[in-house]
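Spelled out, the chains give:
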Amino acid sequence: MSRWVEKRTRPVLPVYFAGAVWLLAGLVLPLYRLWALAVTAAASAAVWLIARRLCPDRITRVEMPFMTGREDADEMLGSVQQKLADLHRLDEAIPDTALSAAIRRMEAAGRGILAEVEAHPEKAPQIRRFANYYLPDAVRILELYARLEGQDVQGGNAASVRREVETNAASIATAFENQLDSLFAADALDLSADLEVLNGMLRGQGLTGSEFANRSQDK
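The paragraphs below set out a description of the structure included in this document. The shown structure was predicted, so the numbers you read here are calculated from the model rather than taken from an experiment.

**Looking at helix α6 (residues 156-182)**
Here comes step 1: Compared with an ideal rise of 1.5 Å per residue, which puts 27 residues at 39 Å, α6 spans 39 Å between its outermost C-alpha atoms and is within 8% of the ideal.
Here comes step 2: By the burial criterion, the buried members of α6 are Ala-158, Arg-162, Val-165, Ala-169, Ala-173, Phe-176, Gln-179 and Leu-180.
Here comes step 3: Tucked inside the fold, the buried residues of α6 contact α4 (97-119) and α5 (128-150).

In structure tokens:
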């Protein structure tokens, strides 16, 4: 989820004006004398203060794609988001139905990864290879395919590239889906442990299965 932040930029003109005072003083005053240095320093400071009042800080609003609180995670998520936009563009550019379906699977898995890591930035290290290698390589391969299709390149090499991409696209999509699934491995273990504890508590109170039925009959 994108957010807007304000960035404050200090003007450089006050510094230039203060520096100009020293240049002018060097032409008319003996700066090797202590009194001349003191006068010039005071004049430079006064000019700087006046210029700062006349030239206030500039405040601009900048859109930040991600603000998870972890700079490395934000940078990684921004890169993934850009590559997923490239996948979407390639899906629209490639006419092959089966390949387009595989690209949509890749994009859907990537969006899921994006959402999960944004919600849980501590999981960012788990997708480092995906963000730095797997996703960029997939985009690069599909861009080559789209370029060959767009230019209608013929010949054995071009045909071989097309065939390889079409054959392996579904496997790449499955790998992306597995990457998304792996982000929930720890959650699955935690859920299993929680359910086991809960079932143990319920069994201890005689509230599950045959124990509850037996207690009901006894009543």
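**Description of a nonpolar patch on the surface**
Here comes step 1: Taken together, the side chains of Val-12, Leu-13, Val-15, Tyr-16, Phe-17, Trp-48 and Leu-49 present a nonpolar region at the surface, about 680 Å² in accessible area.
Here comes step 2: Looking at the nonpolar patch, the elements that each hand over two or more residues are α1 (13-28) and α2 (34-54).
Here comes step 3: Of the residues forming the nonpolar patch, the biggest block, four residues, is contributed by α1.
Here comes step 4: With respect to the secondary-structure elements, Val-15 resides in helix α1.
Here comes step 5: Since its relative accessible area comes to 52%, Val-15 is described here as exposed.

**Overview of the pattern of salt bridges**
Here comes step 1: The tally for this structure, following the rule as stated, stands at nine salt bridges.
Here comes step 2: Notably, a salt bridge pairs Arg-162 with Glu-149, separated by 2.6 Å at the nearest N-O pair. Taken together, the residues span a long stretch of sequence, with Arg-162 in helix α6 and Glu-149 in helix α5 at a distance of 13 residues.
Here comes step 3: Sharing partners across several salt bridges, the network here consists of Asp-86, Arg-89 and Glu-143.

**What about the nonpolar core?**
Here comes step 1: Ranked by size, the top nonpolar core spans 33 residues in total, and within it Leu-87, Leu-99, Met-106, Leu-135 and Leu-142 carry the most contacts.
Here comes step 2: Secondary structure elements with two or more residues in this core: α3 (71-93), α4, α5 and α6.
Here comes step 3: Residue contacts for Leu-142: discarding those within four places in its chain leaves Leu-87, Leu-90, Ile-94, Leu-99, Ile-103, Met-106 and Val-165.

What counts and what doesn't
- Residues numbered from 1 in each chain as written.
- Predicted model: local features only at pLDDT ≥ 70, side-chain atom pairs only at ≥ 80, totals over all residues.
- Heavy atoms only, no water.
- Helix = DSSP H or I, 4+ residues; strand = E, 2+ residues; numbered from the N terminus.
- Expected span 1.5 Å × (residues − 1).
- Buried < 20%, exposed > 50% of the residue type's maximum accessible area, 1.4 Å probe, protein only.
- Contact = heavy atoms within 4.5 Å.
- Patch = residues over 30% accessible without salt bridge, like charges linked within 9 Å, V, L, I, M, F, W, Y side chains within 5 Å.
- Areas by Shrake-Rupley, 256 points an atom, 1.4 Å probe, with all protein chains shown as cover.
- Salt bridge = Lys/Arg side-chain N within 4 Å of Asp/Glu carboxyl O.
- Core = buried A, V, L, I, M, F, W, Y, C linked by side-chain atoms within 4.5 Å.

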